[in-house]
Amino acid sequence: MAKVISFTNKKGGVGKTTTVVNMAAYCADLGKKVLLIDLDSQGNATTGLGFSKSALKRSVYNVLIEDEKVSANTLPTELPLLDILPANVDLSGAEVDLVYKRNRDKILKEALEEVKGKYDYIFIDCPPSLGLVTINAWVASDSLIIPLQSEYYALEGVSQLMNTISMVKQHLNPQLTIEGVVITIYDGRATVSRQIAAEIKKFFKNKLYEIIIPRNVRLSEAPSHGKPIVLYEPKCIGARAYKALTEEFLSKQ
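So, here's what we can say about the structure. Treat the numbers as computed from the prediction; the structure is a model and nothing was measured. (Residues numbered from 1 in each chain as written. Predicted model: local features only at pLDDT ≥ 70, side-chain atom pairs only at ≥ 80, totals over all residues. Heavy atoms only, no water.)

1. A word on the overall build of the protein chain
- Helices and strands together make up the secondary structure of the protein chain, namely eleven helices and seven strands.
- Across the protein chain, the fraction of contacts at a sequence separation of at least 24, relative to all contacts at a separation of at least 6, is 79%.
- Counting only carbon and sulfur atoms, one obtains 51% of the accessible surface of the protein chain, whose full area is about 11,400 Å².
- Across the protein chain, 31 positive and 28 negative side-chain charges occur, with their mean positions spaced 4 Å apart. (Helix = DSSP H or I, 4+ residues; strand = E, 2+ residues; numbered from the N terminus. Contact = heavy atoms within 4.5 Å. Areas by Shrake-Rupley, 256 points an atom, 1.4 Å probe, with all protein chains shown as cover. Lys, Arg positive; Asp, Glu negative; His and termini not counted. Charge placed at Lys NZ, Arg CZ, Asp CG, Glu CD.)

2. A look at the packing of helix α1 (residues 16-29) against helix α11 (residues 237-251)
- At their nearest, the axes of α1 and α11 sit 9 Å apart, and the two run at 70 degrees to each other. As summarised for this structure, α1 and α11 are arranged roughly perpendicular, according to the angle between their axes. For α1 against α11, the interelement crossing comes out right-handed. Residues T18, T19, N22, M23, Y26 and C27 of α1 form the contact with α11, whose own contacting residues are A239, Y242, K243, L245, T246, F249 and L250.
- Here the contact of α1 with α11 is composed, by residue class, of eight nonpolar, four polar and one charged. (Axes fitted to C-alpha atoms, helices over the stretch in contact; angles between N-to-C directions. Parallel < 35°, antiparallel > 145°, perpendicular 65-115°, else oblique. Left-handed = near helix turned anticlockwise from the far one by under 90°. Nonpolar A, V, L, I, M, F, W, Y, C, P; charged D, E, K, R; others polar.)

3. A word on the pattern of salt bridges
- Summed over all chains, the structure comprises 15 salt bridges.
- Here D187 makes a salt bridge to R189, at a shortest N to O gap of 3.1 Å.
- Classification of R189 as exposed rests on a relative accessible area of 75%.
- Put simply, K16, D40 and D125 are held in one network by salt bridges that share partners. (Salt bridge = Lys/Arg side-chain N within 4 Å of Asp/Glu carboxyl O. Buried < 20%, exposed > 50% of the residue type's maximum accessible area, 1.4 Å probe, protein only.)

4. Description of the packing of helix α6 (residues 132-140) against helix α7 (residues 158-171)
- It is at 11 Å that the axes of α6 and α7 come closest, and there the two elements cross at 60 degrees. Taken together, the axes of α6 and α7 lie oblique to each other. Between α6 and α7 lies a crossing of right-handed hand. Side by side, α6 and α7 meet where I135, W138 and V139 of the first sit next to L161, T164, I165 and V168 of the second.
- When grouped by side-chain class, the residues that make up the contact of α6 with α7 number six nonpolar, one polar and no charged.

5. Notes on the sheet that holds strand β3 (residues 75-76)
- Strands sit in the order β3-β4-β2-β5-β1-β6-β7 across an open sheet of seven strands; the sheet is mixed. Among the strands making up the open sheet, the edge pair consists of β3 and β7 (177-184).
- Taken together, the four bridges between strand β2 (residues 34-38) and strand β4 (residues 82-85) define a ladder with parallel strand orientation. Note on β4: the bridge partner recorded for I37 is L85.
- Seen against the sheet, α1 touches β1 (3-7), β2, β4, β5 (121-125), β6 (143-149) and β7 and runs at an angle of roughly 165 degrees to β5. (Pairing = 2+ DSSP bridges.)

6. Considerations on α6
- The element α6 is extensively covered by neighbouring structure, given that nine of its nine residues are classed as buried.
- Every buried residue belonging to α6 is among L132, V133, T134, I135, N136, A137, W138, V139 and A140, and all of these are buried.

7. Topic: the packing of aromatic side chains
- Applying the stated criterion to the full structure yields five aromatic pairs.
- Geometrically, the ring pair formed by Y121 and F123 is tilted, given 5.9 Å between the ring centres and 40 degrees between the ring planes. Neither Y121 nor F123 differs from the other in exposure class; each is buried.
- Between Y121 and F249 the ring centres are 5.3 Å apart and the planes differ by 55 degrees, which places this aromatic pair in the tilted class. One end of the pair, Y121, is in strand β5; the other, F249, is in helix α11, with 128 residues separating them in the sequence. (Phe/Tyr/Trp six-rings, centres within 6.5 Å; stacked < 30°, edge-to-face > 60°.)

8. A few points about the nonpolar core
- Counting residues in each nonpolar core, the largest one holds 50 residues, and the members touching the most others are I37, L39, L112, I122, I124 and W138.
- The element contributing the most residues to this core is α6, with seven residues.
- Grouped together as the second largest cluster of nonpolar side chains are 35 residues, M23, A24, L82 and F123 included. (Core = buried A, V, L, I, M, F, W, Y, C linked by side-chain atoms within 4.5 Å.)

Below, the structure is given as structure tokens:
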């Protein structure tokens, strides 16, 4: 039975999609069967795995709003053990459309029951907001991974994020836990990066992964080629970091 994990942060530009795409790819590369769900209307995880959003006729929108099966909308990727439930432009309207749905916060959870037996992990790329789409992801999830950039504003939104997680736990999903927190886009040369990383460690303690993801140009280039870093430049420093992070994640399961 698949473990469902949402990758979430209400702040954009923190390496959330880069993290979910590359951890999913490395899990698949290490022999785990993975489904990646792109719940961000920007569709960056979809394009990052080589799919054109504009060419897609089916997507996660069909599952959320039109009650279609997950299996009817998933696509295989270049990695044999990695599938994606993609996003296209339709998803931008889902936030409004969900308001009129019955059991609107549990739609994804119920839809995933169909495919949970097929995968080891289901990773969800959440939008950088705390609306109904994100709530659907959290209600469907066993745990959350929170990517945080080691820069000045990183901790600013964390208290609000933690409060929202507490509310979802209290009212909608009592089993929800924080799987881990990962520091991304880290520049070890900058004093402020080291200081903020120390603050993050103090705040999250044993929830913080030891592996830190460095700022790396190859990681930035890979999505424009429609490939995760394991297929684009597996020997670069960013690839080594994500492989080590994935191994750390798997060692704790």
